[in-house]
Amino acid sequence: TNIGQQTNTTITTARLPQTNTPHNPRVVPTIFMGNSKPSNTTARLMLLFVHSAACFRRAAFVSGFSATSQKAASLLTSSTSSSRWRTSNDVITGPSNVVATTSWKSARFMSSGTEADEKTEEEKAAMKAAREARKAEKERQKAEKAAKKAAQEAAAEEANRIHEVTYLSLSEQDSYEAMGDMSTVMSRSRSGRQFVNVADISGDDSAAATKKHGPGEKVWLRGRVSSIRVKGGSCFLVLRQNSFDTIQACFFKDKENPDFSAKMIKYLKSLTTESVVDMEGIISPADVRSCSIQNAELAITRIHAVSKADAMLPFLVEDAARSEKEVEESQNTDRPFPRLGQELRLDHRWLDLRAPANNAIMRIQSAVCQLFRESLYEQGFVEIHTPKLIAGESESGAGVFTTDYFGTTACLAQSPQLYKQMAISSDLERVFEIGPVFRAENSHTRRHLCEFTGLDLEMAIHEHYMETLEVVHKMFKHIFENLETRYKRELEVIRTQYDSEPVAFTDEPCVL
């Protein structure tokens, strides 16, 4: 038991597993002290294959030695200048008091060059077949997994797909999805929905007294998407009717119904500005400064796109609605507003007329014709309709457009003057006409009179030309006064972009 009294140490090899299983052999040297047999106190040194004495010395790592075996290991791994290990064949000599011998009888090393390791063709074929079978099994499992994943993705996509909606009946509304593009209108049925005007919605509790739709009421609206903003689980949308009636609509994520909310948010994101939509919502009081309806908003319950607009438009309606002064003042800022030239506006007139002021101008034009008729009807006039394709010039002082009329030259009417005079001679006495006028006047400006709408009247005079002045004065007064009262809102919209002042009239003609 005293390592100092031993004269030799025998190192033999034992078979240990390469892995954690007890099957594959590994050569691990085992130290026996003297001629004694192995005991439980024998230390097992995990050594790398020894190519040199230096490697042998460095490879002596000891784990769980007894006191005796630890001393033996220290002697084996000592490498002082006075004591060097020497190797010769299978004998390792060290200091004079220790001799280490190796026994390789029980050691078996795997070698590819031995006959025992060679495989027959049948064995090789069997091994190859086994490898291919394992590979095929892996490929099958991989394909099965990919197919399963694709099926799951397809099912999820189908569940989240927003289908087209064919809205046929209000009574069957619950069977339709609450979002989705509306199918093409083919006059298949009348659904029974009652659409309301944005201008008839109010957030006041007294809405019923004013015959308007008030808080808590569910209504259907059809209009254009003026603007839309979706962020997270909320959406704010501005719906526009008649170009200048606007109302805010909103949708918020419902925690109790997350799937429905996710699909609704997804659909709202797909909507583009200027798209025409049908929307169902519940009116609720609100304070909205950016819309014409400032005391109410809609909580969206259903929405369907009737006609989707392109994502990229020639210009924005809000840019077309800005005044020249506003555009000019923005040029020196970090975000100047774009200038929209006349050519761009006229090339896309359908979009330009959606600007509130431009749309209101068309309404005022219609109002002028209506008020013109009203005044003259009250004064005993008869409306007539005269030809516009005539054989010769109406007025010799103005240029005329000519065209071919089945081999004969025809002219576009410069004025209904001749036909009005013929009507007076026919005992109609007082006549008027609203119709187109064509004059071939070459102008050097963008504004000229090649074509315009003329408001013409003709009347017989009894005694004095003041009779005509009185009729005309009364007609103009009726038009301009009623424009300020009956079409006040349209004029206000126009004056936000184009400045103007109300026209003042005396009660009687002012003759200078």
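Residues numbered from 1 in each chain as written. Predicted model: local features only at pLDDT ≥ 70, side-chain atom pairs only at ≥ 80, totals over all residues. Heavy atoms only, no water.

Attention now goes to the pattern of salt bridges. In total, this model carries 24 salt bridges according to the counting rule given. Glu-137 is the salt-bridge partner of Arg-140, the closest N and O atoms lying 2.6 Å from each other. Taken together, the positions of Arg-140 and Glu-137, both in helix H3 (residues 121–160) and three residues apart, correspond to about one turn of that helix. Residue Arg-140 is classed as partly exposed on the basis of its relative accessible area of 43%. Classification of Glu-137 by relative accessible area gives partly exposed; the value is 33%. A salt bridge links Asp-287 to Arg-289; the nearest nitrogen and oxygen atoms lie 3.2 Å apart. Each member of the salt-bridge network shares a partner with another, and the members are Glu-137, Arg-140 and Glu-144. (Salt bridge = Lys/Arg side-chain N within 4 Å of Asp/Glu carboxyl O. Helix = DSSP H or I, 4+ residues; strand = E, 2+ residues; numbered from the N terminus. Buried < 20%, exposed > 50% of the residue type's maximum accessible area, 1.4 Å probe, protein only.)

This part is about helix H11 (residues 466–486). Spanning 21 residues, H11 covers 29 Å between terminal C-alpha atoms, matching the ideal 30 Å at 1.5 Å per step. Taken together, the buried positions of H11 are Val-471, His-473, Met-475, Lys-477, His-478, Ile-479, Asn-482 and Leu-483. Taken together, the buried residues of H11 touch helix H9 (356–378), strand S15 (430–438), strand S16 (451–459) and helix H12 (488–497). (Expected span 1.5 Å × (residues − 1). Contact = heavy atoms within 4.5 Å.)

With that settled, consider the state of the cysteines. Here, disulfide denotes a covalent bond that connects the sulfur atoms of two cysteines. Following the criterion strictly, the structure yields zero disulfides and no others. Of all cysteine sulfurs in the structure, the one in Cys-235 sits closest to Cys-250, which takes part in no disulfide; the separation is 8.6 Å. (Disulfide = S-S within 2.5 Å.)

The next thing to look at is the side chain of Ser-275. Assignment of secondary structure puts Ser-275 in the loop between helix H4 (258–270) and strand S9 (276–285). Overall, the relative accessible area of 0% leaves Ser-275 in the buried class. Engagement of the side chain of Ser-275 in a polar contact is seen with the backbone nitrogen of Ala-309, the distance being 2.9 Å. Leaving out residues up to four positions away in the same chain, Ser-275 has contacts with Gly-223, Arg-224, Val-225, Ser-307, Lys-308 and Ala-309. (Polar contact = N/O pair within 3.5 Å; in protein donor to acceptor, adjacent residues only side chain to side chain.)

The next thing to look at is the sheet that holds strand S11 (residues 382–383). Paired through backbone hydrogen bonds, the strands of a sheet run either parallel or antiparallel to each other. An order of S11-S15-S16 is seen for the three strands of this open sheet, with the pairing classed as mixed. Edge positions in the sheet fall to S11 and S16, since each of these pairs with one other strand and no more. As judged from the nine bridges shared by S15 and S16, these two strands associate in the antiparallel manner. Following the sheet pairing, Val-431 is matched in S16 by Glu-458. Helix-sheet contacts for helix H10 (residues 417–425) involve S15 and S16, and the interaxial angle to S16 is about 20°. (Pairing = 2+ DSSP bridges. Axes fitted to C-alpha atoms, helices over the stretch in contact; angles between N-to-C directions.)

Scored by pLDDT, the chain has a mean of 81; 77% of the residues are at 70 or more. Low pLDDT (under 50) marks residues 75–114, which in the prediction has 71 contacts with non-local residues, meaning those over four places away or in another chain. (pLDDT = per-residue confidence, 0-100.)

Quick look at the pairing of strand S7 (residues 234–241) now. Among the eight residues in S7, seven count as buried, and that is most of the element. Here seven bridges tie strand S6 (residues 218–231) to S7, and the two strands are oriented antiparallel to one another. Bridging from a neighbouring strand, Lys-231 pairs with Ser-234 of S7. With antiparallel pairing between neighbouring strands as the criterion, S6 and S7 make up a hairpin whose turn holds two residues, including Gly-232 at a positive phi of roughly 65°. Pairing of S7 with strand S8 (residues 245–252), which is carried by eight bridges, proceeds in the antiparallel orientation. Within S8, the residue paired with Val-238 across the bridge is Gln-248.

Where strand S12 (residues 389–390) meets strand S14 (residues 408–412), two bridges bridge the pair, whose relative direction is antiparallel. Its bridge partner being in S14, Leu-389 is matched across the sheet by Leu-412. Here four bridges tie strand S13 (residues 402–405) to S14, and the two strands are oriented antiparallel to one another. By the bridge assignment for S14, Tyr-405 is matched with Thr-408.

Our next topic: the environment of Phe-244. Position of Phe-244 among the secondary structure elements: in the loop between S7 and S8. The exposure class assigned to Phe-244 is buried, which follows from its relative accessible area of 12%. Between the C-alpha atoms of Phe-244 and Arg-489, which are 245 residues apart in sequence, the distance is 9.7 Å. Aside from chain neighbours lying at most four places away, what touches Phe-244 is Ser-292, Pro-356, Asn-359, Ala-360, Arg-363, Arg-489, Glu-490 and Val-493.

Let us now look at the sheet that holds strand S10 (residues 296–307). Spatially, the five strands close up into a barrel ordered S6-S7-S8-S10-S9, and their pairing is mixed. Neighbour-to-neighbour, the strand axes of this sheet turn through a mean angle of 50°, independent of strand direction. Relative to S10, S8 is paired through three bridges, and the arrangement is parallel. By the bridge assignment, Ala-249 is partnered in S10 with Leu-298. Each of S6, S7, S8 and S10 is contacted by H4, which is oriented at about 65° to S10, the strand it contacts most.

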